[in-house]
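Single-letter residue listing:
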Amino acid sequence: MSSASPTPAGPTPDVVVVGGGIVGLAVAWRARARGLSVTLCERGGLPSYVAASHVAAGMLAPVAEADAQERAVLTLGLDSAVRWPAFAQELQEASGIDVGYRTCGTLVVARDRDEAEHVDREIRLREALGVPVARLLPSAARRLEPALAPAIRSAFHAPADHAVDPRAVCEALVVACERAGVVLRTGASVASVAPGGITLADGERVPAGRVVLAAGAWSARVEGLPGLCVRPVKGQLLRLKARAGEAPLLDHVVRWDGGYLVPRADGCVVLGATMEDRGYDTTVTALGVYELLRDAGELVPGVLELDLEAAMAGLRPATPDNAPLLGAWQDVVLACGHHRNGVLLTPVTADRIGTLLANEDPGIDPAFAPSRFAKVMA
Ligand SMILES: Cc1cc2nc3c(=O)[nH]c(=O)nc-3n(C[C@H](O)[C@H](O)[C@H](O)COP(=O)(O)OP(=O)(O)OC[C@H]3O[C@@H](n4cnc5c(N)ncnc54)[C@H](O)[C@@H]3O)c2cc1C
């Protein structure tokens, strides 16, 4: 053993997971449930406060997010949405932590003629994709959600698009992993990955039967897989809170072209989110905050009465086709690139990657195979 690459004593784990966001934690938990010995390396603490999972709004919204160019993602999202109730229940039982799963449904609203035409096109698209939604007159939308402004022009209702609290999910996953016997290593920044193990930034080598790369928007910064096409997409977001004793502002997730409001059980409302290509920058800007509040205030005026609890920014892990990378590439297992839908896609990702790690057929759609980018990933 060279001093530059010390290897710790002890048995080699079956699996090392790189990254302790929602995806890495859930994969580790599921792999452990399959009887595998698992070590997870997170460069920060656990839960991780820099992870996108710490910032995410928590919408579980395959229907509202549906895009004609992303049919495979829609199918995967619907599959994962169906898994969420049991996943949340199992996680709550394993950890004793309420993960804030809410069957609230989603309202998509328009405030002017252009947006109403956009909503019409979105309704027709969903009919064509086989996931019809209910068109609502403005009066019907306001009966469902009285906080909506009288001025809204049209709306549709996606009754099965729900929400969860991603911070609570990550806290619960940390506890569930600990209780299940996953070895959680914090302050363990992974410099490089290879088929037989990983090397930490301090030179320590951690051998492993299989390596799973789940480092979110930072996945391409880990050495060993040249050309890995995951890039950060910045999102700014606000947490707003009703005063003590005041009724919650919203019952449903409310979305519009360019933003959304997500109610939490504790009376908080999450207002998001910008979409910005600014590399690894996570500063909160006056313009970002202004645009979020301006649009939300037009559609749900009561938002402007809430207390501002926090303003933050996170990095979505995006791929060139907005679909995740799921499966082996150069004998390293990838579970990254979930972009806008990583929270939604967590249960299906963890189940499928857990199956793959147990050497069974995970049944992953080739649309998510890393090999689709073989030309750029040298
Ligand atoms: C503003 C915003 C709103 C969002 N809203 C939603 C939503 O409503 N619904 C939804 O489904 N999705 C949403 N998303 C997307 C979702 O947050 C992400 O897709 C998901 O959190 C990705 O999870 P992850 O575990 O892959 O990455 P992350 O949560 O980013 O975790 C990656 C982890 O890897 C660690 N790491 C990085 N490099 C290393 C290294 N070298 N060594 C060790 N550890 C490392 C990081 O410290 C981090 O903890 C949102 C994202 C943003 C930014």
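Residues numbered from 1 in each chain as written. Predicted model: local features only at pLDDT ≥ 70, side-chain atom pairs only at ≥ 80, totals over all residues.

**So, the domain arrangement of the chain**
Then step 1. According to the domain assignment, the chain contains domain 1 (15-66 + 166-230 + 320-373) and domain 2 (106-159 + 231-318).
Then step 2. Relative to domain 2, the C-alpha centre of domain 1 lies at a distance of 28 Å.
Then step 3. A per-element tally of the side of domain 1 that touches domain 2 places helix 2 (residues 52-55) first, with three residues. (Domains from an automatic or database assignment. Helix = DSSP H or I, 4+ residues; strand = E, 2+ residues; numbered from the N terminus.)

**A closer look at the site of the ligand**
Then step 1. If you check the shell around the ligand, you find 45 residues, and the closest are G19, G21, G216, G235 and G342.
Then step 2. Residue assignment for the shell around the ligand shows that the elements contributing at least two residues are helix 1 (22-33), helix 2, strand 13 (231-241) and strand 17 (307-318).
Then step 3. With four residues, strand 17 is the single largest residue contributor to the shell around the ligand.
Then step 4. Broken down by class, the residue content of the shell around the ligand amounts to 24 nonpolar, 17 polar and four charged.
Then step 5. Two domains share the shell around the ligand, each providing at least three of its residues, namely domain 1 (15-66 + 166-230 + 320-373) and domain 2 (106-159 + 231-318). (Near = placed C-beta within 6 Å. Nonpolar A, V, L, I, M, F, W, Y, C, P; charged D, E, K, R; others polar.)

**Observations concerning the sheet that holds strand 9 (residues 190-194)**
Pairing between the strands of a sheet is mediated by backbone hydrogen bonds and can be parallel or antiparallel.
Then step 1. Taken in spatial order, the three strands make up an open sheet running 9-10-11, and their pairing is antiparallel. The open sheet has two free edges, formed respectively by strand 9 and strand 11 (205-207), since each of these has just one partner strand. For this sheet, the mean angle separating the axes of adjacent strands, direction not counted, is 20°.
Then step 2. Sheet topology places strand 10 (residues 197-200) next to strand 11; three bridges connect them, and they run antiparallel. Within the sheet, the bridge partner assigned to T199 lies in strand 11 and is R205. (Pairing = 2+ DSSP bridges. Axes fitted to C-alpha atoms, helices over the stretch in contact; angles between N-to-C directions.)

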